[in-house]
Amino acid sequence: MLSIKNLKLRLLILSAIVIPNAALLLHPPQNLLVRSSSSDDTNNSFSVRWQSSPLRNRHDVTYAKSKTSLHVFFNNNNNNNKNKNGVNINSSGTKKISTGQGDDLFKTLELKDEALLQAQTAVSSLESALESAVTNLEYMQQQLQLRVLDLEQELSKTKTDLSATQDELDIAVSELQLAQQQLTQSQREFEELEIALGESEEVARRAELRAERLSSELSLLKETQQTTTQGGQEQVGQERTNTKKKNQPPSWNNLFQGSAGIISSASSSTIPTLNDWIAIKGSDDGDVQISGKVINHPTIDDGDAIVTSPLIDPTQAKEKKIVSTSSGSKYRLGTPLTLPSSAASVDVVAAKNKFVKSQQEQKQKEKQEILARARTSTDRSSLPEVTDQTLGNGRYILAGKAVPSVNGRSLIQTAYRSTPQGLPTGEPLIAKISSNTEAMKREYDNYQKVSNGLKKGQFIRRKEFLANAGSEMPGKSVLVMQRGVDDVKAFMPKVGGRLEGPLLLDCAVTGLRCMEALHGVRLVWNDLKTENFVVVEDERTGDISFRGIDLESCMPVKSNPVDYTPEACPPEFAKSFMKGEAESFALEYNYDVWSYGMFLYEISTGRGFFDGVSAETITKKLPTFTPRVDNVPDDALADLISQCLSINPRDRPSLARIAKHPYFDGYMGNSINPFEFLFGN
């Protein structure tokens, strides 16, 4: 595109060329000479020359031969020396035009003048148009410059506004992050308060029971006090003393003094009273029953001898106590029967201790029998043979063959610590080997977080993590851990197909403790299943226990999962997976609660809900899955499983509520206190 300056320059050059030449043609010179360009008359051109005025420059114009009148006048008739028109030819070859011939020539030139005048007019119009165009272009240029200035100002203002907006956005992001941190802290405090509330409720419940018991004892003591006062008034010489006792608070020693007659006189009591009673052994080991004479019984005559059903709590079989029997009856114990020194009476406390000991021995016997059945194929004599392969640049010696893990992402192989002489030593260990160093590092870090947390859980004991497995296995990492007898899924068929009794309860508690430990450091397990618990044997005592393994998939709460197990994932995740939104699914603690319900169902029945079903089919069925727990043998456990498998995630119980469930009452009462239950070993 031409600039305005270049356009002006071209117009000036055009004017300089056209206008002067047009003026010359309009005002021709008086002396016009025509010079032949050659002596040959057949030449196709001639030269017209005129002498300009002193103020003009000299011009030579050459015209091409044409059919104009000029050509007619100067046409040669092939006579070199003769001219029909009377033109004299001088010796130099110059032709001089006569007067008549000049008139015709100038008439022709007048026609040309008119044409040139029109051309000049056209050029003037063109020049005016061009000047107008130039003026318009200059105006447009000015407008464009003004517009550019406006745009630059708007751009500068926009940049300023954008910078201010960015600052405001940064402030908003900072405030949002602070609010998120405060929300996270609030959630953590809420969870801690919920746990504390659960503990407080449990303590309050026990305190309430204790208060009721004390209230009952206090009522009995008041009745006894009144009876004691009345009996004392009948004794001669004791009126003054008894009157003094009425005006003073009774001492505990005085309240527990009495006789069969004192208890018998309390006939207004609604609870039957047993006098001359004695504790005897029941038909089953550990059972304690009471034999004595009853009064105030609604259906039995006073003084008749009866034998109660086994006592619920044999330690309450003491004078002045109210005892409850397994049939639901209650009796107040009066004066016990006095036997000769040679007679053998029942030591209730000894009976209780014997009962507890027998129960413990029975549980231990059951465990040993189960372990013996399980070890038939996994005892030390069947351990894999040591190979010549090493790990960690000779740090460990491998044994047997490596087998793929359940998820197929790593290899599992038995290993022993190596001595400086290259010999295996110590207990057999497990080496988890993988080329996915990132996943292995994440699993090790998750173990470390749990170890540093308030609640330790019951996880497998780790030996060490080698990010570089050594020159023997370049590009691989290894996690060395305690070796278990079997995982729970493989263990159940060896003990009758499912877990029962104390083993079932121990395994359920282990799963709960592991969840509590992970959630305590804000991690979601995301892979709680029977394959991720192993059976461990204590070589010193022969006891067996359960330990959690494989924290590779654990991710922080509210984050996104890295993988999933179909039989352990809840319906809400399956829906997201079917929609293609699994990678953006936000993990919550109730994810693990659902998995825990599936875990409890499998260990109590020996079968999972989706055994033998493909992963794809499980994922498709889960959104409309309705769990049935009819075949769970324990009603309390069936109720707990139903709560954990609530379709709505918000309806699933918290870990504090799970810990207070009646299924765990026996465990908490006979084994550990609530704080031990929550915090683990």
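Residues numbered from 1 in each chain as written. Predicted model: local features only at pLDDT ≥ 70, side-chain atom pairs only at ≥ 80, totals over all residues. Heavy atoms only, no water.

This brings us to the overall build of the chain. Across its full length, the chain holds 17 helices and 21 strands. The burial tally for the chain puts 35% of its 681 residues in the buried class. Looking at the chain as shown, the accessible area adds up to about 40100 Å², and 52% of this sits on carbon and sulfur atoms. (Helix = DSSP H or I, 4+ residues; strand = E, 2+ residues; numbered from the N terminus. Buried < 20%, exposed > 50% of the residue type's maximum accessible area, 1.4 Å probe, protein only. Areas by Shrake-Rupley, 256 points an atom, 1.4 Å probe, with all protein chains shown as cover.)

Okay, the nonpolar core next. Counting residues in hydrophobic clusters, the biggest one holds 74 residues, and the most contacted among them are L499, Y596 and F664. Ranked by residue count, the leading element in this core is helix α10 (residues 501–520), at 11 residues. (Core = buried A, V, L, I, M, F, W, Y, C linked by side-chain atoms within 4.5 Å.)

In this section: the sheet that holds strand β8 (residues 305–307). Taken together, the 5 strands give an open sheet; going across it, the order is β8-β7-β6-β10-β9, and neighbouring strands pair in mixed fashion. Edge positions in the sheet fall to β8 and β9 (322–324), since each has one partner strand and no second. Shown here is a sheet whose adjacent strand axes are inclined to one another by a mean of 40°, direction ignored. Direction of pairing for strand β6 (residues 273–281) relative to strand β10 (residues 330–333): parallel, over a ladder of 2 bridges. In the strand pairing of β10, L274 is matched with L333. (Pairing = 2+ DSSP bridges. Axes fitted to C-alpha atoms, helices over the stretch in contact; angles between N-to-C directions.)

So, on to the confidence of the model for the chain. On average, residues of the chain score 76 in pLDDT, and 66% of them reach the 70 mark or higher. Scored below 50 in pLDDT, residues 23–97 shows 84 contacts in the model against residues more than four places distant or in partner chains. Per-residue pLDDT stays below 50 along residues 228–269; that stretch engages in 34 contacts with residues further than four places along the chain or on separate chains. (pLDDT = per-residue confidence, 0-100. Contact = heavy atoms within 4.5 Å.)

This part covers the pairing of strand β12 (residues 396–404). Where strand β11 (residues 386–391) and β12 come together, 3 bridges link them in antiparallel fashion. From the neighbouring strand, L391 faces β12, where its bridge partner is Y396. The hairpin formed by β11 and β12 contains 4 residues between the paired strands, and G392 there has a positive phi angle of roughly 65°. Where β12 and strand β13 (residues 411–418) come together, 6 bridges link them in antiparallel fashion. Pairing of V403 across the sheet is with I412, part of β13. Count of turn residues in the β12/β13 antiparallel hairpin: 6 residues, of which G408 carries a positive phi of about 75°.

Our next topic: the packing of helix α12 (residues 589–605) against helix α14 (residues 635–644). Interhelical geometry of α12 versus α14 gives an angle of 150° and a closest axis separation of 8 Å. For the pair α12 and α14, the crossing hand works out as left-handed. Contacts between α12 and α14 involve V593, W594, Y596, G597, L600, Y601 and S604 from the first element and L637, L640, I641 and C644 from the second. Here the residues of the contact of α12 with α14 are counted per class, giving 9 nonpolar, 2 polar and no charged. (Left-handed = near helix turned anticlockwise from the far one by under 90°. Nonpolar A, V, L, I, M, F, W, Y, C, P; charged D, E, K, R; others polar.)

Helical geometry: 3.6 residues make up each α-helical turn, so side chains three or four residues apart lie on a common side. For helix α8 (residues 437–452), with 16 residues, the first-to-last C-alpha span of 22 Å sits near the 22 Å given by 1.5 Å per residue. If you check which residues of α8 are buried, you get A439, M440, E443, N446, Y447 and V450. On an axial view of α8, the arc spanned by its buried residues comes to 120°, and they lie on one face. Across α8 from its buried face, at more than 90 degrees, point the exposed residues E438 and N452. Its buried side turned inward, α8 meets β14 (424–434), β15 (462–466), β16 (477–482), α10, β18 (523–524) and β20 (544–548). (Expected span 1.5 Å × (residues − 1). Arc of directions from axis to C-beta.)

Throughout the structure, instances matching the rule amount to 20 salt bridges. In this structure, E427 and K463 form a salt bridge, with 3.7 Å as the shortest nitrogen-oxygen distance. In this pair, E427 is assigned in strand β14 and K463 in strand β15, connecting sequence segments 36 residues apart. The class for E427 is partly exposed, based on a relative accessible area of 30%. (Salt bridge = Lys/Arg side-chain N within 4 Å of Asp/Glu carboxyl O.)

So, on to the state of the cysteines. The full count for this structure, using the stated rule, is 0 disulfides. No disulfide involves C554; its nearest neighbouring cysteine sulfur is the one of C514, lying 9.9 Å away. By relative accessible area, which is 1% here, C554 ends up buried. (Disulfide = S-S within 2.5 Å.)

What follows is about the packing of aromatic side chains. The full count for this structure, using the stated rule, is 17 aromatic pairs. An angle of 55° between the planes, with centres 5.4 Å apart, marks the rings of W525 and F533 as tilted. Classification of F533 by relative accessible area gives buried; the value is 0%. Measuring from centroid to centroid gives 6.2 Å for Y596 and F599, while their planes differ by 25°, and the two rings are stacked. On the criterion of helical spacing, the pair formed by Y596 and F599 is a turn pair, its members being 3 residues apart in helix α12. A relative accessible area of 0% places Y596 in the buried class. (Phe/Tyr/Trp six-rings, centres within 6.5 Å; stacked < 30°, edge-to-face > 60°.)

A contiguous nonpolar surface patch, about 300 Å² in accessible area, is contributed by L137, Y139 and M140. Mapped onto the elements, L137 comes out in helix α3 (residues 99–233). Look at L137 and you get partly exposed, because its relative accessible area is 33%. (Patch = residues over 30% accessible without salt bridge, like charges linked within 9 Å, V, L, I, M, F, W, Y side chains within 5 Å.)

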